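Residue-level structure breakdown
As a plain string of letters, each chain reads:
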Amino acid sequence: MSFPNVIYGDYGDEKAQSSTKIGSLPLGQIMVLPDGREFRHAKSGGTILYAGKLYTQGAAVADHGCGTADNLLCTAAAVNATAIVVTMGGTTAITADQYADGVIVIRDDTGEGQTYKIKSNNSAAVSSTATITLEPTDAVVTAIGGTATASLRANPFSAVLLRPAGSGVVGIPAGVPAREVTASYYCWLQRKGTCAGLTSGTTIVIGEPVVADTAVAGAFAPVVASTTNVLQNLDIIGHCQVVSPNTEYSNINLELP
């Protein structure tokens, strides 16, 4: 089944949560409210999500082709194939549908540079094979060689994590929940427009840009080059609209792409 690229919700729809996919929508589905605020369909990780805090994509698994070693060797796949079989290396097994709604990238050798959308995958132990079933509309367009290697990455909105303190970022920003969300439940994360944002310090200034704070997990901070906001964490993610004191919640105009 296909879905529109953007759906339009009403006020309050952004506060829905469910133990199953909301409306059977895919992870990452965009929802826009009448005032232009934009959200993405997401799933919480193993802990509760809290309103007004910034969450990120879950951590990559190095053994699943996301490290420096080529741990996923492809079986040759012909043009129009709707599955790619990989042999597991490393020490980390794959669980069933761990990468559903994610992507497989051919990282090296014949067929390298291609990206395909994953529909499902089976479970696979170390040194065994995993079958990565592609979305039927996204079959292989350039043959993949038997010496090619691949990487698997879960959907950016699957099993999201609180943006950690410090500089140990594990993924891109996923967004801000509008409500408390039960662990492992589906929800909506805000990406654009006015939202509450946890304030770290009292130096946020109305109209000025904000970044993810590295001193307080999930918080917003001003753009300053200091020990709490090191250079690699200075991506501007919004602008301040209303200032609140430290540990309270300011109005932030989110501007996540």
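Residues numbered from 1 in each chain as written. Predicted model: local features only at pLDDT ≥ 70, side-chain atom pairs only at ≥ 80, totals over all residues. Heavy atoms only, no water.

1. Some words on the overall build of the protein chain
When you go through the protein chain residue by residue, the secondary structure sums to 0 helices and 17 strands. In terms of overall dimensions, the protein chain is globule-like: its C-alpha atoms have a radius of gyration of 20 Å, near the 18 Å expected for 257 residues. Within the protein chain, the proportion of its 257 residues that are buried is 42%. Sequence-distant contacts in the protein chain: of pairs separated by 6 or more residues, those separated by 24 or more amount to 67%. (Helix = DSSP H or I, 4+ residues; strand = E, 2+ residues; numbered from the N terminus. Rg over C-alpha atoms; globule rule 2.2 N^0.38 Å. Buried < 20%, exposed > 50% of the residue type's maximum accessible area, 1.4 Å probe, protein only. Contact = heavy atoms within 4.5 Å.)

2. Side note on the pattern of salt bridges
Two side chains carrying opposite charge are able to pair once their charged atoms lie near each other. Considering all chains together, one arrives at 4 salt bridges under this definition. For Glu 14, the salt bridge is made with Lys 15, and the minimal N-O distance between the two is 2.7 Å. A relative accessible area of 3% places Glu 14 in the buried class. Classification of Lys 15 as partly exposed rests on a relative accessible area of 39%. (Salt bridge = Lys/Arg side-chain N within 4 Å of Asp/Glu carboxyl O.)

3. What to know about unusual backbone geometry
At Asp 101, a position not held by glycine, the phi torsion is positive, near 75 degrees. Position of Asp 101 relative to the elements: it lies in the loop between strand E6 (83-88) and strand E7 (103-108). Here Ala 159, not a glycine, exhibits a phi torsion of approximately 50 degrees, which is positive.

4. Some remarks on the nonpolar core
Counting residues in each nonpolar core, the largest one holds 23 residues, and the members touching the most others are Cys 74, Ile 84, Val 86, Ile 104, Ile 144 and Leu 152. With sequence-adjacent residues up to four places away left out, Cys 74 is seen in contact with Ile 84, Val 85, Val 86, Ile 106, Ile 144, Gly 145, Gly 146, Ala 148, Thr 149 and Ala 150. Membership of the second largest hydrophobic core comes to 12 residues, among which are Ala 212, Ile 237, Ile 252 and Leu 256. (Core = buried A, V, L, I, M, F, W, Y, C linked by side-chain atoms within 4.5 Å.)

5. So, the confidence of the model for the protein chain
Taken over all residues, the pLDDT of the protein chain has a mean of 93, while the share at 70 or more is 95%. When the criterion is pLDDT under 50, residues 227-232 qualifies, and its contacts beyond four places in sequence or with other chains add up to 14 contacts. (pLDDT = per-residue confidence, 0-100.)

6. Digging into the environment of Phe 157
Of note, Phe 157 is situated in the loop between strand E10 (149-153) and strand E11 (161-162). Classification of Phe 157 as buried rests on a relative accessible area of 6%. Through-space distance from the C-alpha of Phe 157 to that of Arg 40 is 7.7 Å; in sequence the pair is 117 residues apart.

7. A closer look at the side chain of Asn 121
Note that Asn 121 resides in strand E8 (residues 115-121). Here the side chain of Asn 121 touches Gln 98 through a polar contact of 3.2 Å, landing on its backbone nitrogen. Looking at Asn 121, its side chain comes within polar contact range of the main-chain nitrogen of Tyr 99, at 2.9 Å. Beyond its immediate chain neighbours, meaning those up to four positions away, Asn 121 contacts Ile 94, Thr 95, Ala 96, Asp 97, Gln 98, Tyr 99, Ala 100, Thr 131 and Ile 132. (Polar contact = N/O pair within 3.5 Å; in protein donor to acceptor, adjacent residues only side chain to side chain.)

8. Observations concerning the pairing of strand E9 (residues 129-134)
Burial along E9 is one-sided: the residues Ala 130, Ile 132 and Leu 134 are buried and none of Thr 129, Thr 131 and Thr 133 is. Examined bridge by bridge, E6 and E9 share 5 bridges and lie antiparallel to one another. Bridge pairing links Ala 83 to Thr 133 in E9. Pairing geometry for E8 and E9, over 3 bridges, is antiparallel. When the sheet's bridge partners are listed, Ser 120 is paired in E9 with Thr 133. (Pairing = 2+ DSSP bridges.)

9. A few points about the side chain of Gln 57
Within the element layout of this structure, Gln 57 appears in the loop between strand E4 (55-56) and strand E5 (72-74). The class of Gln 57 is buried, set by a relative accessible area of 7%. Among the polar contacts made by the side chain of Gln 57, one reaches the side chain of Arg 153 at a distance of 3.4 Å. In this structure, Gln 57 is in contact with Arg 153, Ala 154, Pro 156, Leu 161, Val 170, Gly 171, Ile 172 and Ala 174, ignoring residues within four places of it in sequence.

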